[in-house]
Protein chains: 2
Amino acid sequence: LNRIKASGLKLRFCTNETQATRENFVKKLQGLGFDISVDEVTAPAPAACRILKERGLRPHLLVHDDLIPEFAEIDKANPNCVVIGDAAENFTYANLNEAFRVLIGMEKPVLISLGRGRYYKETDGLKLDVGAYMKALEYACDVQAEVVGKPAKMFFESALVEMGVTPQEAIMIGDDIVNDVGGAQQCGMRAVQVRTGKYRPCDENHPYVKPDAYVDNLAEAVDIILQQL
Amino acid sequence: LNRIKASGLKLRFCTNETQATRENFVKKLQGLGFDISVDEVTAPAPAACRILKERGLRPHLLVHDDLIPEFAEIDKANPNCVVIGDAAENFTYANLNEAFRVLIGMEKPVLISLGRGRYYKETDGLKLDVGAYMKALEYACDVQAEVVGKPAKMFFESALVEMGVTPQEAIMIGDDIVNDVGGAQQCGMRAVQVRTGKYRPCDENHPYVKPDAYVDNLAEAVDIILQQL
C-alpha cells in the first residue's frame, strides 16, 4: 500500500462493509497498521445516501445499529423507501415485519439493498447475509431490490468518479471472484484476483468470470503494476 | 356443510394452517359450530411427515411451537433436511442462522416448506409468511424448496387419495384464486371461487387462473352441487 501511495498512483478502497461506519472501518484498519483515511473509502451506505438525496427518497432503515450514523443527514420522516443492510441482530421478526409493512404500503415499493451477499463466516459460525433478507422482502412485495455495493456497476463507477479516472486507467485488486473481479470487469476495468482471503481454487474454473491476472498476494500485484508504469 | 354431509358426498377440508396442530385447528372450528373432525382435514404438516417417512428424512424443524406435536413420531436426530413452516415468533435471527447452517452443511441441501405464502393479515397488521423465509434460505443455499401445501399438486392428490376419488369426480371450493382454485385445477379438478374471505374483485381478471364458477357464499356452492347430483 505504501509503495502504491509513494508512486503517485490514485488509490481507493472499495468495501461492502455495512456493519460499521467508514470511520470505524478505517480505525480498525489503521489499528492493523494500514495507512488509510475515511475519504479514500467507497462503501455502500454513502453510495445509498447519494441515491436517496438525488431521488428525494426518505428511507425506513433496516440496518446495523453501528451503521445508522452514516444516514445522519438524511430525512427519514414519512418513509417512501426501505434501505436494508446487514442488520445482524436487528433482523428480528418484528423488524422484518415492520420493513415489509412500510414497503407493501407504498404504491410502488422501492427497496434499496446494501449488497446481495448470501452468507459470511464469523468466529461463531456462518451467518445469513443481507442478500437472503433482501430476497425475502422482494418475494413478499413482488419487487426487485436496487443493489448498492459490489458487484453493482454503479458502485465501481462512483469509485472511478471519486478518483477522476476512466475504467481503462483503473485496475481492481480483490479476493472475491464475483463481487470484486466480475463487478469491476463489467464496468470496463481490468481486475486481478488475489489468492488470499475469500479466494478458493475452484474460482479459477468460474463459469463466467475470468480475472485478467492472478497474484499470490497484494505485494505481487503492486510489483506488477509498478513495473508497467 | 351439514347438507353436503347428509347428501352422502365425500368431503375433505384442505388447509394451509401451520400455526397449530390439526387437533387445535378442528377444536377452533368446532367452537364456531362446524361439524368437523381431525380425520377430515388435509394439512401441510401431516403431508410433510409422509414425505419424511417415505424418503428416510430426519428434519431440523423451523416451525411454530404449536405445530411441533404433528412431528412427534418423526426421528429428528442428525438432521438431513430442514422443514420450514410459518414459525412466526420463532423466526428469530438465531433460528434462521441455525436452519441455514444445517442446510448449507449438507452435501445436497433438502428444504421442505409448508407453504409458499407471501404474507397474511392478523389483527395487529400484516405479517411475512413462510414463503418469504423460504426464499431467504433458497437464495443463501442456492437450493429450491419442495413446497407442501396448497397450491402444490401433490397436496391435492393426497386429499383425493384420502377420499378415494378421481380428480374428475371432485370439486374444490375456496376463496384463494391461486392456492385454492389454481392448485386444484392443475390437479385436474374443477374449482369454484367463493366471493368471501380472501376474494378480491380483481381476482376475476387474474392473468392465468380462471375458476369454473363463482359463488357468493358456500351455501350457493352447495345448492349448485346438490342440484347436479
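Now for a description of the structure that goes with this document. Since this is a predicted model, take the numbers as computed values, not measurements.

**Focus: the sheet that holds strand β11 (residues 213–215) of chain B**
All names here are of chain B.
Consideration 1: The sheet built from 3 strands is open, its strands ordered β9-β10-β11 with parallel pairing. On the outer flanks of this sheet lie β9 (171–174) and β11, each paired with one strand and no other. Along the sheet, successive strands turn relative to each other by an average axial angle of 25°, direction set aside.
Consideration 2: For strand β10 (residues 190–194) and β11, the ladder comprises 3 bridges, and the chain directions are parallel. Across the sheet, Val-194 pairs through a bridge with Val-215, a residue of β11.

**Brief notes about the relation of the copies chain B and chain A**
Consideration 1: With an RMSD of 0.0 Å, the fit of chain B onto chain A corresponds to turning through 180° and sliding 0.1 Å along the axis. Here the symmetry operator amounts to a two-fold rotation axis.
Consideration 2: A shared interface surface links the copies, since 100% of the contact residues of chain B are contact residues in chain A too.

**Here we look at the side chain of Gln-19 of chain B**
Residue and element names in this part refer to chain B.
Consideration 1: Relative to the helices and strands, Gln-19 resides in the loop between β1 (13–14) and α2 (22–31).
Consideration 2: Reaching out from Gln-19, the side chain makes a polar contact with the side chain of Tyr-120 at a distance of 3.1 Å.
Consideration 3: Non-local contacts of Gln-19, meaning those with residues more than four positions away in its chain, are made with His-64, Asp-66, Asp-86, Ala-88, Tyr-120 and Glu-122.

**So, the interface of chain B and chain A**
Consideration 1: Of the residues lining the interface, 29 residues belong to chain B; the matching set on chain A comes to 29 residues.
Consideration 2: Summing both sides of the interface, chain B and chain A together bury roughly 2,600 Å²; the carbon and sulfur share of this comes to 64%.
Consideration 3: At the junction of chain B with chain A, the criterion picks out 0 salt bridges.
Consideration 4: At the junction of chain B and chain A, the tally comes to 10 residue pairs in polar contact (both at pLDDT 80 or more).
Consideration 5: Counting residues per element, the ones that place at least two in the side of chain B that touches chain A are α4 (93–104), β6 (119–122), β7 (125–128) and α5 (130–141) of chain B.
Consideration 6: Among the residues making up the side of chain B that touches chain A, the classes are represented as 17 nonpolar, 4 polar and 8 charged.

**Some details on the packing of aromatic side chains**
Consideration 1: This model, assessed by the stated rule, comprises 8 aromatic pairs over all chains.
Consideration 2: Summarising the aromatic geometry, the rings of Tyr-119 of chain A and Phe-100 of chain B are spaced 5.2 Å apart at their centres and angled 50° between planes, so their arrangement reads as tilted. Placement of Tyr-119 of chain A in strand β6 (residues 119–122) and of Phe-100 of chain B in helix α4 is noted, with the two residues assigned to different chains.
Consideration 3: Under the relative-accessibility criterion, Phe-100 of chain B is labelled buried at 0%.
Consideration 4: Ring geometry for Phe-155 of chain B versus Phe-156 of chain B: centroids 6.4 Å apart, planes at 85°, classification edge-to-face. Here the two residues Phe-155 of chain B and Phe-156 of chain B agree in accessibility, since each one is buried.

**A word on the side chain of Asn-179 of chain B**
All names here are of chain B.
Consideration 1: Checked against the element boundaries, Asn-179 lands in helix α7 (residues 177–186).
Consideration 2: Using a relative accessible area of 18% as the deciding quantity, one classes Asn-179 as buried.
Consideration 3: Those residues in contact with Asn-179 that lie beyond four places of it in its chain are Lys-150, Pro-151 and Phe-156.

Cut-offs applied
Residues numbered from 1 in each chain as written. Chains lettered and ligands numbered in written order. Predicted model: local features only at pLDDT ≥ 70, side-chain atom pairs only at ≥ 80, totals over all residues. Heavy atoms only, no water. Pairing = 2+ DSSP bridges. Helix = DSSP H or I, 4+ residues; strand = E, 2+ residues; numbered from the N terminus. Axes fitted to C-alpha atoms, helices over the stretch in contact; angles between N-to-C directions. Least-squares fit on C-alpha atoms with pLDDT ≥ 70 in both. Contact = heavy atoms within 4.5 Å. Polar contact = N/O pair within 3.5 Å; in protein donor to acceptor, adjacent residues only side chain to side chain. Buried area = accessible area lost by both parts, 1.4 Å probe. Salt bridge = Lys/Arg side-chain N within 4 Å of Asp/Glu carboxyl O. Nonpolar A, V, L, I, M, F, W, Y, C, P; charged D, E, K, R; others polar. Phe/Tyr/Trp six-rings, centres within 6.5 Å; stacked < 30°, edge-to-face > 60°. Buried < 20%, exposed > 50% of the residue type's maximum accessible area, 1.4 Å probe, protein only.

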